[in-house]
Amino acid sequence: MNRVLLYAILFFSHTHIIMNEDINNIEMPLFTEKVNLLKQTIGKVIVGQDRPIDLVLSAILARGHVLLEGVPGVAKTLLAKMIAKLINADFSRIQFTPDLMPSDVLGTSVFNMKTSEFDFHAGPVFADIVLVDEVNRAPAKTQSALFEVMEERQATIDGKRHKMSPFYTILATQNPVEQEGTYKLPEAQLDRFIMKITIPYPSVEEEVEILKRHNSNATLTNLDDIQPVITKEDLLMMFGQAEKVYIENSLIQYIASVIQQTRTSKVIFLGASPRASVALMQTSKAMALIQGRGFVVPEDIKYVAPFVLQHRLLLTAEAEMEGHTPLKVVQRLMEKVEVPK
């Protein structure tokens, strides 16, 4: 029997049993309409990149932060700006540089001569969606300013706590090839990104389409002309729907087994933490919803797992010398775990 069909049968059986609790009351048509509208609007500006777009959307629905990595010119910043424009929320952009200080990110207290008190001037990190461009260009002291806001969605400044909005999301970009003037992100900060998404080069067909658009200049869209298609209320509704997605106990066991593999593999020095397993479950549920289902199938987990886990693993020196990468190691480990029938 087709695996998706089998999980559909299990989902509807489960829904029938607990219908009175209204757990699986997911408005799929409305949700699918919103997601399709997002993708169509992004497609007017960005050619291809279907998988990165799905991954970013699933990460946001899972209430996580995203690290976008890719060589210059593959539309990392453009993708982040597009998503921010399409969601009717407060947006700010921080260009990380080697001379950036923590107060430039968080803000500072300034003495008010009229009131003889200190007034807090919020920094650019206080927004609903924050684009942190070239996050690896700032020194560790400035990068650490993001630790608290990423994990707890609050900032403690001068002993006072400042809460972020429930929509708070950081979309960060980094260049993997340029080393001069950059700083390696600490593992503690990397672990706070729910996903690290690699933006690949376009295919030949996609590059031809890009060239045609630029040649005609007729189909290029100005970002300033793009209007939001998702409101804050829509986003809150989507968050709630993502939490209602059903996942079988056998798939929860599957996720735990995958995480355990990262801790026992001989090529991995530091495996994934329980935070990674929670992130894998949350993003799998969000991906199922994006695919138009109210239940998770193993393919959802396989789809997101490499991007949820790759930045959380440290390989042994021998593995790195042999040319292994975290992404390839995760893909290999997934093959060793038996998929639930």
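Below or above, wherever it landed, is the structure these notes cover. Once a new chain begins, its residue numbering starts again from 1 and follows that chain's sequence as written. Totals for whole chains, interfaces and linings use all residues, but because this is a predicted model, local features are given only for residues with pLDDT of at least 70 and pairs of side-chain atoms are given and counted only at 80 or more. Note that water and hydrogens are dropped before the side-chain values are worked out from all heavy atoms of the structure.

Details of a nonpolar patch on the surface
Then step 1. Two joining distances apply to patches: 9 Å for like charges and 5 Å for nonpolar side chains (Val, Leu, Ile, Met, Phe, Trp, Tyr), and every residue must have over 30% relative accessible area and no salt bridge. Each accessible area is a Shrake-Rupley estimate made with a 1.4 Å probe; only the visible protein chains count as cover when residues are assessed. Any Lys or Arg side-chain nitrogen found within 4 Å of a carboxyl oxygen on Asp or Glu counts as a salt bridge. Among the surface-exposed residues, Phe 111, Met 113 and Phe 118 lie close enough to one another that they form a single nonpolar patch of about 390 Å² accessible area.
Then step 2. Topologically, Phe 111 is positioned in strand 3 (residues 107-112).
Then step 3. Burial classification: accessible surface area is computed with a 1.4 Å probe over protein chains only, and a residue below 20% of its type maximum counts as buried, one above 50% as exposed, and the rest as partly exposed. Overall, the relative accessible area of 40% leaves Phe 111 in the partly exposed class. Numbering of helices and strands runs from the N terminus, with a helix taken as a DSSP run of H or I at least four residues long and a strand as a DSSP run of E at least two residues long.

Considerations on the packing of aromatic side chains
Then step 1. Whether two aromatic rings pair depends on their centres lying within 6.5 Å, for rings of Phe, Tyr and Trp, where Trp uses its six-membered ring; planes under 30 degrees apart make the pair stacked, over 60 edge-to-face, and the rest tilted. Tallied over the full model, the rule gives 0 aromatic pairs.
Then step 2. Lying over the aromatic face of Phe 147, Arg 192 brings its terminal NZ or CZ to 5.0 Å of the ring centre.
Then step 3. Lysine NZ or arginine CZ positioned within 6 Å of the ring centre and within 35 degrees of the ring normal marks a charge as sitting over the ring. Against the face of Phe 295 rests Arg 293, its NZ or CZ located 5.6 Å from the ring centre.

What about the environment of Glu 33?
Then step 1. Among the secondary structure elements, Glu 33 is positioned in helix 2 (residues 28-43).
Then step 2. Here Glu 33 falls in the exposed class, since its relative accessible area comes to 54%.
Then step 3. Residues Glu 33 and Gly 292, 259 residues apart in the sequence, show an inter-C-alpha distance of 9.9 Å.

A few points about unusual backbone geometry
A negative phi holds for most residues other than glycine; trans holds for most peptide bonds.
Then step 1. Its identity as a non-glycine residue notwithstanding, Ala 75 has a phi of 75°, on the positive side.
Then step 2. Here Ala 75 shows up in the loop between strand 1 (65-69) and helix 4 (76-86).
Then step 3. Phi at Glu 134 is positive, roughly 55°, even though this residue is not glycine.
Then step 4. As for its placement among the helices and strands, Glu 134 is situated in the loop between strand 5 (129-133) and helix 6 (140-143).

Topic: empty space enclosed by the protein
Then step 1. In this analysis the probe radius is 1.4 Å and the grid spacing 1 Å, with only protein atoms considered; a cavity is a set of points the probe fits into but cannot get out of, a pocket is an open set with protein on both sides within 12 Å along at least five of seven lines, and lining residues have an atom within 4 Å of a point. Grid points are joined across faces, edges and corners, and a volume is the space filled by probe spheres set on the points. Applying the stated rule across the entire model yields 1 cavity of 30 Å³ or more.
Then step 2. Quantified by volume, the largest cavity comes out at close to 90 Å³.
Then step 3. Phe 31, Val 35, Leu 38, Leu 57, Ile 60, Leu 61, Ile 87, Ile 230, Leu 235, Met 238 and Ile 290 are the residues that line the largest cavity.
Then step 4. Listed by contribution, the elements that provide at least two residues to the lining of the largest cavity are helix 2, helix 3 (50-61) and helix 10 (232-244).

Points about the sheet that holds strand 1
Then step 1. Read from one edge to the other, the open sheet built from 5 strands follows the order 2-5-8-1-9, with strand pairing classed as parallel. Because the sheet does not close on itself, it has two edges, and the strands there are strand 2 (91-95) and strand 9 (193-198). On average, adjacent strands in this sheet sit at an angle of 15° to one another, irrespective of strand direction.
Then step 2. With 4 bridges connecting them, strand 1 and strand 8 (residues 169-174) associate as parallel partners. Bridge pairing in strand 8 links Leu 68 to Thr 173.
Then step 3. Contacts from helix 4 reach strand 1, strand 2, strand 5 and strand 8, with the element oriented near 170° to strand 5. In this description, strands pair whenever DSSP reports at least two bridges between them. All axes are obtained by fitting lines to C-alpha atoms, using only the stretch in contact for helices, and the reported angles, taken between N-to-C directions, cover 0 to 180 degrees. Residues are treated as being in contact if the distance between any of their heavy atoms lies within 4.5 Å.

Re the side chain of His 311
Then step 1. Inspection of the secondary structure puts His 311 in the loop between helix 13 (298-309) and strand 11 (314-315).
Then step 2. The class of His 311 is buried, set by a relative accessible area of 7%.
Then step 3. A distance of 2.8 Å separates a polar atom in the side chain of His 311 from the backbone oxygen of Phe 193.
Then step 4. With residues near it in sequence (within four places) discarded, His 311 still touches Leu 190, Phe 193, Ile 194, Met 195 and Lys 196. Polar contacts, as counted here, are pairs of nitrogen or oxygen atoms within 3.5 Å of one another; within protein the pair requires one atom able to donate a hydrogen and one able to accept it, and residues that are adjacent in sequence qualify only if both atoms are side-chain atoms.

So, the layout of surface pockets
Then step 1. Space inside the largest pocket adds up to approximately 760 Å³.
Then step 2. The wall of the largest pocket is formed by 31 residues, among which Glu 69, Gln 174, Lys 184, Leu 190 and Lys 196 lie closest to the centre.
Then step 3. Elements supplying a minimum of two residues to the lining of the largest pocket: helix 8 (187-190), strand 9, strand 11 and helix 15 (326-336).
Then step 4. Each residue receives one of three labels: charged for Asp, Glu, Lys and Arg, nonpolar for Ala, Val, Leu, Ile, Met, Phe, Trp, Tyr, Cys and Pro, and polar for the others, Gly being one of them. Grouping the constituent residues of the lining of the largest pocket by class yields 13 nonpolar, 11 polar and 7 charged.

Digging into helix 12 (residues 274-290)
Then step 1. Here a helix's expected span is defined as the number of its residues, less one, multiplied by 1.5 Å. Between its first and last C-alpha, helix 12 extends 25 Å over 17 residues, near the 24 Å set by a 1.5 Å rise per residue.
Then step 2. Most of helix 12 is tucked away: 12 of the 17 residues are buried.
Then step 3. Taken together, the buried positions of helix 12 are occupied by Ala 276, Ser 277, Ala 279, Leu 280, Thr 283, Ser 284, Lys 285, Ala 286, Met 287, Ala 288, Leu 289 and Ile 290.
Then step 4. Once helix 12 ends, the next one or two residues include Gly 292, with phi positive near 90°.

Some points on the environment of Asp 191
Then step 1. With respect to the secondary-structure elements, Asp 191 resides in the loop between helix 8 and strand 9.
Then step 2. It is 5.7 Å that separates the C-alpha atoms of Asp 191 and Arg 312, two residues lying 121 residues apart in sequence.
Then step 3. One polar contact links Asp 191 to Arg 275, side chain to side chain, over a distance of 2.7 Å.

Read these as geometric descriptors, not functional statements.
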